[in-house]
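An overview of the molecular structure
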Amino acid sequence: MKEILIICAMEKESKTIAQELKLQKVTETIFRKNNISLLISGIGKQKTAINLTKYLCENIKPDLIVNIGYAGSTDIKIGTWVNITKSYNYEWNIPGEERYTIIGYDREKISTLDNANIKILPCYSAECFVTNTDIKEDVVFDMELHSIYMICCKYDIELISLKKVSDNLSLENYYENIKMEEVMELTSGLSYLKEIIM
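Small disclaimer: the values here were computed from a predicted structure and weren't measured.

Turning to the overall build of the protein chain, a few remarks are in order. Across its full length, the protein chain carries six helices and nine strands. Taken against the 2.2 N^0.38 rule, which gives 16 Å for 198 residues, the C-alpha radius of gyration of the protein chain at 16 Å falls within 12% of a compact globule. Taking the principal axes of its C-alpha atoms as reference, the protein chain extends roughly 45 × 40 × 30 Å. With 198 residues in all, the protein chain has 51% of them scored as buried. Here the analysis covers contacts within the protein chain between residues at least 6 apart in sequence; of these, 74% occur between residues at least 24 apart. Carbon and sulfur atoms make up 50% of the accessible area of the protein chain, which amounts to about 10,000 Å² in all. Between the mean site of the 23 positive side-chain charges and the mean site of the 29 negative ones, the protein chain shows a separation of 4 Å.

This part is about unusual backbone geometry. Within the chain, asparagine 34 stands out as a residue other than glycine whose phi angle is a positive 55°. Note that asparagine 34 resides in the loop between β3 (30-33) and β4 (36-40). Of note in the backbone geometry, aspartate 156 takes a positive phi value of approximately 55° without being a glycine.

Angle between the axes and distance between the axes are the two parameters that describe a pair of packed helices. Viewed as axis vectors pointing N to C, helix α2 (residues 45-58) and helix α3 (residues 145-155) meet at an angle of 35°, and their least axial separation amounts to 8 Å. Taken as a pair, α2 and α3 cross one another with a handedness that is right-handed. The residues of α3 that touch α2, namely those facing Lys45, Thr48, Ala49, Leu52, Thr53 and Leu56, are His146, Ser147, Ile148, Ile151 and Tyr155. Residues that form the contact of α2 with α3 fall into these classes: six nonpolar, four polar and one charged.

Within helix α1 (residues 11-20), the full set of buried residues consists of Glu13, Ser14, Ile17 and Ala18. Axial view of α1: buried residues confined to an arc of 115°, hence all on one face.

The rules behind the values
- Residue positions within a chain follow its written sequence, with the count starting from 1.
- Only residues with pLDDT of 70 or above have their local features reported here, since the model is predicted, and side-chain atom pairs are shown and tallied only from 80 upward, although totals for entire chains, interfaces and linings are computed over all residues.
- Calculated side-chain values reflect all of the structure's heavy atoms, with hydrogen atoms and water omitted.
- Strands are runs of DSSP state E lasting at least 2 residues, helices are runs of H or I lasting at least 4, and numbering of each runs from the N terminus.
- Only C-alpha atoms enter the radius of gyration, while the globule expectation follows 2.2 Å times N to the 0.38, with N the number of residues.
- With a 1.4 Å probe rolled over the protein chains alone, any residue whose accessible area is under 20% of its type maximum counts as buried; one over 50% counts as exposed, and the rest are partly exposed.
- Pairs of residues are marked as contacts when any of their non-hydrogen atoms sit within 4.5 Å.
- Every accessible area reported is derived by Shrake-Rupley at a probe size of 1.4 Å, with residue values counting cover from the shown protein chains alone.
- The positive count covers Lys and Arg only, the negative count covers Asp and Glu only, and His and the chain ends enter neither.
- By convention, the charge on Lys lies at NZ, on Arg at CZ, on Asp at CG and on Glu at CD.
- Axis lines are fitted to C-alpha atoms, over the contacting stretch for helices. Their N-to-C directions set the angle, which ranges from 0 to 180 degrees.
- Note: crossing handedness is left-handed where the near helix turns anticlockwise from the far helix by less than a right angle, and right-handed where it turns clockwise.
- Side-chain classes follow a simple rule in which Ala, Val, Leu, Ile, Met, Phe, Trp, Tyr, Cys and Pro form the nonpolar group, Asp, Glu, Lys and Arg form the charged group, and the remainder, Gly included, forms the polar group.
- Here, the arc refers to the directions that run from the helix axis to the C-beta atoms.

Written as structure tokens, this is what we have:
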């Protein structure tokens, strides 16, 4: 049986997923039942890197990491689920290197689902809430995935990432939408993972 680790940034993202999967609370940030664990990573790339590395040092190495959470988007409809196909570091802009991509961590490590009902897009992880961008194509923005992606590359762990669009690059829009249950619930994303985790 595959060891699966689900990662969510915030407690409010994690709580309903843990309940839906009947996971038991192990610590303040870890839930578990049989081969499925859930880690609350904290918000941002640094907290995520620290907490995921700590988890890997203290627990069985997962065969698969599933990242579920919210993301802003250039213009994808709010409430839409997106399957991430590539992960980029939004702030990475070093002369002589490709923008957004760190050399050595540019492998295709993210698996996509075989499901025509979910949009497949790249994700750019930023240090703060993105409210404008010069990227023209359809993309999403989060604050954690790139750290998870780099650790999966380093430790050869399969990665799937599902993001639910919470806003269209508007902080005001985001804070209005967090009051809307249909936008902010995340358990519906588990339906895309039925064959993997249920």
